[in-house]
Amino acid sequence: MAGARVRLAVLGVLALALAALPFLADKFYVQLATKILILAIFAMSLDLLVGYTGLVSLGHAAFFGFAGYLLALVSPQYEAANLWTSLAIALAGSAVLALVIGALVLRTSGIYFIMVTLAFGEMLFHLFHDTSIAGGSDGIYVYVRPVGTIFGWQPFDFEDFTHFYLVVLVAALGVYALLRMVLASPFGRVIVGIRVNEHRMRSLGYHTFRYKLVCFVLAGTLAGLAGYLAAVQFGVVNPDMLGFHVSASALMMLILGGMGTLVGPAIGAAVMMTLELLFQKITDHWLLPMGVFIVLVALLLPRGLVGLVTGARAKDDSRG
Amino acid sequence: MAEAAARETVLRTEALSRRFGGLAAVDNVALECRMGEVHAVIGPNGAGKTTLINLLSGDLPPSAGRVFLRDREITGLRSDAISRLGVGRSYQKTNVFLPFTAFENARVAAQSRLPSSMRFFRSARTYRQVNEAAERALVQAGLEGREGIPVSALSHGEQRQVEIAMTLATGPSTLLLDEPLAGMGAEESARIVELLQKLVAGHAILLVEHDMDAVFAVADVLTVMVNGAVLASGPPEAIRSNPEVQEAYLGTEEAH
Ligand SMILES: Nc1ncnc2c1ncn2[C@@H]1O[C@H](COP(=O)(O)OP(=O)(O)O)[C@@H](O)[C@H]1O
Ligand SMILES: [Mg+2]
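A quick note: this is a predicted structure, and the numbers were derived from the prediction, not measured.

Asker: So what exactly am I meant to see when it comes to the coordination of the magnesium ion (ligand 2) here?
Answerer: Each donor-metal-donor angle would ideally measure 109.5 degrees in four-coordinate tetrahedral geometry, or 90 or 180 degrees in six-coordinate octahedral geometry. Residue and element names in this part refer to chain B. Coordination of the magnesium ion (ligand 2) by the protein is provided by Thr50 (OG1) and Gln92 (OE1), with metal-donor distances spanning 2.0 to 2.1 Å. Here Gln92 lies in the loop between β7 (87–89) and α3 (102–111) and Thr50 lies in helix α1 (residues 49–57), a separation of 42 residues in the sequence. Taking the relative accessible area as the measure of exposure, Gln92 reaches 34% and is therefore partly exposed.

Asker: Sorry if this is basic, but what is going on with the domain arrangement of chain B here?
Answerer: The accessible area lost on association of the parts is a frequent measure of interface size. All names here are of chain B. Each assigned domain of chain B is listed here: domain 1 (1–86 + 172–256) and domain 2 (97–171). Distance from the C-alpha centre of domain 1 to the C-alpha centre of domain 2: 25 Å. Each partner contributes residues to the interface: domain 1 has 17 residues there, and domain 2 has 18 residues. The interface formed by domain 1 and domain 2 holds 1 salt bridge in total. A salt bridge links Arg191 to Glu144; its shortest N-O distance comes to 3.8 Å. Taken together, domain 1 and domain 2 are joined by 5 residue pairs in polar contact (both at pLDDT 80 or more). In terms of residues, the side of domain 1 that touches domain 2 owes the most to one element, helix α6 (residues 186–199), which gives 5 residues. Taken together, the residues of the side of domain 1 that touches domain 2 sort by class into 9 nonpolar, 3 polar and 5 charged.

Asker: Please clarify how the site of ligand 1 should be interpreted in this entry.
Answerer: All names here are of chain B. With respect to spatial proximity, the complete set of residues near ligand 1 consists of Phe20, Leu23, Ala25, Pro44, Asn45, Gly46, Ala47, Gly48, Lys49, Thr50 and Thr51. Take Gly46: an N or O atom from its main chain is 2.8 Å from an oxygen atom of ligand 1. Measuring from an oxygen atom of ligand 1, one finds a side-chain N or O atom of Thr50 at 2.7 Å. Within the complex, 60% of the 560 Å² of free accessible area of ligand 1 lies under protein. Going through the elements one at a time, β2 (23–29) and α1 are the ones with two or more residues in the shell around ligand 1. With 3 residues, α1 is the largest single contributor of residues to the shell around ligand 1. Of the residues contributing to the shell around ligand 1, the split by class is 5 nonpolar, 5 polar and 1 charged.

Asker: Is there a simple way to think about the sheet that holds strand β9 (residues 204–208) of chain B in this case?
Answerer: To summarise the sheet geometry, strands pair through backbone hydrogen bonds and adopt either a parallel or an antiparallel arrangement. Residue and element names in this part refer to chain B. Spatially, β7-β8-β9-β4-β10-β11 is the arrangement adopted by the 6 strands of the open sheet, whose pairing is mixed. Looking at which strands have only one partner, the edges of the open sheet turn out to be β7 and β11 (229–234). Taking the axes of each pair of neighbouring strands and ignoring which way they run, one obtains an average angle of 15° across the sheet. In the sheet, β7 pairs with strand β8 (residues 174–178) via 3 bridges, with the strands oriented parallel. Looking at β8, one finds that Arg89 is bridged to Leu176.

Rules behind the numbers
- Just so you know, the residues in each chain are numbered from 1, in the order the chain's sequence is written.
- For this description, chains carry letters from A and ligands carry numbers from 1, given in the order in which they are written.
- A pLDDT threshold of at least 70 governs which residues receive local features in this predicted model, and a stricter bar of 80 or more applies before side-chain atom pairs are shown or counted, although totals over entire chains, interfaces and linings include all residues.
- Think of the side-chain values as coming from all heavy atoms in the structure, minus any hydrogens and water.
- The donor set comprises N, O and S atoms within 2.8 Å of the metal, extended to 3.2 Å for Na, K and Ca; water molecules are omitted, so apparent gaps in a site may simply reflect that omission.
- Numbering of helices and strands runs from the N terminus, with a helix taken as a DSSP run of H or I at least four residues long and a strand as a DSSP run of E at least two residues long.
- To sort residues, take the accessible area from a 1.4 Å probe on protein chains only and compare it with the maximum for the residue type: under 20% means buried, over 50% means exposed, and anything in between is partly exposed.
- Note that the domain bounds reflect an automated or database-derived domain assignment.
- Two residues qualify as a contact provided that any one of their heavy atoms is within 4.5 Å of a heavy atom in the partner residue.
- Any Lys or Arg side-chain nitrogen found within 4 Å of a carboxyl oxygen on Asp or Glu counts as a salt bridge.
- Each polar contact in these results corresponds to two N or O atoms within 3.5 Å; when the atoms are within protein, one needs to be able to donate a hydrogen and the other to accept it, and residues that are neighboring in sequence are counted only if both atoms are side-chain atoms.
- For this classification, the nonpolar set comprises Ala, Val, Leu, Ile, Met, Phe, Trp, Tyr, Cys and Pro, the charged set comprises Asp, Glu, Lys and Arg, and every other residue, Gly included, is treated as polar.
- Any residue with at least one heavy atom within 4 Å of a molecule or strand is counted as near it.
- Note on areas: Shrake-Rupley with a 1.4 Å probe; residue coverage comes only from the protein chains shown.
- When DSSP finds two or more bridges between a pair of strands, those strands are recorded as paired.
- In this analysis, axes come from line fits to C-alpha atoms, helices being fitted only over the stretch in contact, and the angle between any two N-to-C directions falls in the range 0 to 180 degrees.

Given below as structure tokens:
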């Protein structure tokens, strides 16, 4: 339990430091940090599937992009959408999409699972890319950011980058806390058991498909939250957002940071965004050094960057 | 075993068969397990004992025949459904959660008896009855003091004990044990034999085992399988003196 207390203390300090950022850094860095936190939510949601449940999905961006599209589609063209209703629609939409896709793809496993998640992601990409339901390949704009009021009081203004950053920070910490809670619960123990030995879980009486499906829906919904926030930040949604490239880079964040740790993928998001920026400054072919870096980490640090801190200790499996 | 006739039949098969391609791994087997009895199944390697357990536990669907649990037909049910009906099994080839501690292995097993594990808010560690069932099973299997150790760091024999503890932690009324003593030291074996003698009162036990001393110490009924089929079945002493059985199987090992 000492581990949990240390974790809480570290997290508290980190949260305070992050909350202070807008008062110390200029707009560029605050917006970069916002983007990183959004991707951290996305990566943590994928970690629930890949790192904890052992379901390697290559189509996770489908939920990220779909939620973004839902915001764009429900937003009136030159007015602000209602934050609460548009967020509820985006989350419910990605949850339903995850339920439908999950019910199909979870009938497969291993390499087939990877392939069918990839196929569904690409199907969705082409649905938005090749048809005119939402602006085709150009995508669709969110001209005005949504507004959330509570009984007429507007606690924050998304047009203000500091406000938006703080809201995203709270969302990221909330998602982290939510996942920690779920992972410690009986449900969380079941999904980790499924990753380690699904056969034995079945023979112990667990209907593993149901648990995987609920997990898939939870992960899809949280990816939807990230996608919604990304659409708010960038004010535009396009088919790339739900394509293979976004799914794959989330997976790389997991590998970089260390999967099955929650914190690792968040760190992976930060490192990847920072390096992307650095390498882009140096060369047009920035993907090359990026690829080399990822290969090096994968080879030298099989537990990812968090493995440097936690050392030989296993990813948070089941010290029980 | 005078009252054997009065004992309730818990698990029963009718003409149960399983083929792998052209091979009849289990061939037309009829057998019964009664409450309060140990029904031991012996036979040479490849006789089909493990396959038989797989058919009873739902790990494999049968090619033909039927399985009944009390009055209910369970033929073809999935293993999780059969487990929930109170049939617990252990594996010949240790089938545990290596990265988990011994306690967590038993705890996950015991947790399966919650009405549902779709519980997201409370920490799994705070379910007292689950913890107690897990601890009880670990003690029964002789693992007290070893609870906090990851199973991957336990000895092979201890991993075999974890295998048993997990099966017990689900609180089954019918036990299907596939060579529980294989790989255990003499002391642990004796302990498990003692445990079986204690457990039998409230359980129906199907025991596949190669250790003949253990088999004769606990078996109320003995079935000999060869090439997937039942060669002989009956009270252990009758089987021991059956010339056909001696020739096919016991003869060489029971030289003493
Ligand atoms: N999954 C399988 N696929 C093909 N053949 C199998 C399979 N499982 C078992 N067998 C075969 O069925 C026969 C019975 O095996 P098994 O039930 O493991 O025997 P036992 O447990 O008595 O040693 C063996 O010939 C074995 O090779
Ligand atoms: Mg066998």
